[in-house]
Amino acid sequence: MNIAVFSSHGGSGLQAIIDACESGHLNAKVCAVISNNSGSFALQRARNSNIAAYHFSSKTIKDADELQLAIMETLQKHDAKVIFLAGYLKKLDQMVLKAYEGHIYNIHPSLLPKYGGKGMYGIHVHTAVLAANEKETGITIHRVNSEYDSGEIIAQRKVPVHEGDTPEILAARVLKQEHIFIVETLAAILNNEHNPD
Ligand code: GRF
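Quick caveat: nothing in here was measured; it's all calculated off a predicted structure.

A count of helices and strands for the protein chain gives six helices and seven strands. Ordered by position from N to C terminus, the α and β elements of the protein chain give β-α-β-α-β-α-β-α-β-α-β-β-α. At 16 Å, the protein chain has a C-alpha radius of gyration in line with the 16 Å of a compact globule built from 197 residues. Taken over 197 residues, the protein chain has a buried fraction of 51%. Residue pairs at least 24 apart in sequence account for 63% of intrachain contacts in the protein chain once pairs closer than 6 positions are excluded. With the model as given, the accessible surface of the protein chain reaches about 9,800 Å², and the carbon-plus-sulfur share is 51%. Taking the 18 positively charged and 21 negatively charged side chains of the protein chain as two groups, their mean positions are separated by 3 Å.

Structure representation (structure tokens):
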């Protein structure tokens, strides 16, 4: 099963998927990595693993339709069957959402619907969780629709908040669990345990 991974920055979630495919834990292949950030380590991780790496951004392709066509052509060229957004901060266009409806997934570092939506990404999520004095947080993998963090929830995993946590400490604890959770959930998806209705 060919998975196209979209990632904007560090790509540690992408790396977890690459490693699982290479080790055989995931019966899949990362067929392409797409980033809106030419300097992202995610693209470097792809190149390090000889995976096709693409920078697509409104900065380089000004016309929105042209940009989405370039993304669509790349997905089709690599015969992508699943799209996984692992730290991708842009919205997918209707063209891609429609073509891959039901087969696009995103990982979010909170127990959605709490601490999701526009502006809730990265350290902002963990800062908000601590500000609300939550005793636990977690991870959500969900299907992607046209709104941020609002598609059908596929799976969730709780992560404890510890006394004295800073946003950075909490972020690191959640991210470590994300890498395990991504692989487990993708394996379940590939095993048809989460077929779209
Ligand atoms: C992760 O916390 C993920 O849940 C969120 O963005 C972060 C990406 O981290 N969507 P990385 O780029 O995979 O290291």
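Having seen it, we continue.
What follows covers the domain arrangement of the protein chain. Each domain of the protein chain was delimited in the assignment, giving domain 1 (1–100) and domain 2 (109–139 + 157–197). Inter-centroid distance (C-alpha atoms) of domain 1 to domain 2 is 21 Å. Contact residues are listed per partner, giving twelve residues for domain 1 and eight residues for domain 2. Of the roughly 900 Å² buried where domain 1 meets domain 2, counting both sides, 90% is carbon and sulfur surface. Among the residues of domain 1 in contact with domain 2, Ser12, Leu26 and Phe84 are the three that bury the most area, contributing 40% of the side total. Where domain 1 meets domain 2, there are zero salt bridges. At the junction of domain 1 and domain 2, the tally comes to one residue pair in polar contact (both at pLDDT 80 or more). Sort the elements by how many residues they give to the side of domain 1 that touches domain 2 and helix α1 (residues 12–23) lands first, with five residues. Of the residues assigned to the side of domain 1 that touches domain 2, the class counts are nine nonpolar, three polar and no charged.

Looking now at the sheet that holds strand β2 (residues 29–35). The mixed open sheet is built from seven strands, whose spatial order is β3-β2-β1-β4-β5-β6-β7. Taken across any chain shown, the strands that pair with only one partner, and hence form the sheet edges, are β3 (53–55) and β7 (153–160). Ignoring which end each strand starts from, the neighbouring axes of this sheet average 20° apart. Alignment of strand β1 (residues 2–6) against β2, held across five bridges, turns out to be parallel. The residue of β2 that forms the bridge with Ile3 is Val30. Packing of α1 onto the sheet brings it into contact with β1, β2 and β4 (82–85), and relative to β2 it is tilted by some 160°.

Of all hydrophobic cores here, the largest spans 35 residues; its most connected members are Ile17, Leu26, Val30, Phe84 and Leu186. Top element by residues in this core is helix α6 (residues 167–190). It accounts for eight residues. A domain-level breakdown of this core finds at least three residues from each of domain 1 (1–100) and domain 2 (109–139 + 157–197). Every residue in contact with Leu26, bar those within four places of it in the chain, is listed here: Ile17, Ala20, Cys21, Val183, Leu186, Ala187 and Leu190.

Let us now look at the packing of α1 against α6. Between α1 and α6, the least distance of the axes is 9 Å, while the angle of their chain directions is 45°. In terms of axis orientation, α1 runs oblique to α6. Crossing handedness for the pair α1 and α6: right-handed. Counted together, Ser12, Gly13, Ala16, Ile17 and Ala20 of α1 and Leu175, His179, Ile182, Val183 and Leu186 of α6 form the full contact between these two elements. For the contact of α1 with α6, the residue count by class is seven nonpolar, three polar and no charged.

What follows covers the pairing of β1. Most of β1 is tucked away, with five of its five residues classed as buried. Of the two faces of β1, the one carrying Asn2, Ala4 and Phe6 and the one carrying Ile3 and Val5 are both buried. Once you follow β1 into α1 and on to β2, the crossover reads as right-handed. The sheet contact formed by β1 and β4 spans four bridges and is parallel. Residue pairing for β4: Phe6 is matched across the bridge by Leu85.

Conventions we followed
Residues numbered from 1 in each chain as written. Predicted model: local features only at pLDDT ≥ 70, side-chain atom pairs only at ≥ 80, totals over all residues. Heavy atoms only, no water. Helix = DSSP H or I, 4+ residues; strand = E, 2+ residues; numbered from the N terminus. Rg over C-alpha atoms; globule rule 2.2 N^0.38 Å. Buried < 20%, exposed > 50% of the residue type's maximum accessible area, 1.4 Å probe, protein only. Contact = heavy atoms within 4.5 Å. Areas by Shrake-Rupley, 256 points an atom, 1.4 Å probe, with all protein chains shown as cover. Lys, Arg positive; Asp, Glu negative; His and termini not counted. Charge placed at Lys NZ, Arg CZ, Asp CG, Glu CD. Domains from an automatic or database assignment. Buried area = accessible area lost by both parts, 1.4 Å probe. Salt bridge = Lys/Arg side-chain N within 4 Å of Asp/Glu carboxyl O. Polar contact = N/O pair within 3.5 Å; in protein donor to acceptor, adjacent residues only side chain to side chain. Nonpolar A, V, L, I, M, F, W, Y, C, P; charged D, E, K, R; others polar. Pairing = 2+ DSSP bridges. Axes fitted to C-alpha atoms, helices over the stretch in contact; angles between N-to-C directions. Core = buried A, V, L, I, M, F, W, Y, C linked by side-chain atoms within 4.5 Å. Parallel < 35°, antiparallel > 145°, perpendicular 65-115°, else oblique. Left-handed = near helix turned anticlockwise from the far one by under 90°. Right-handed = clockwise from strand over helix to strand, strands pointing away.

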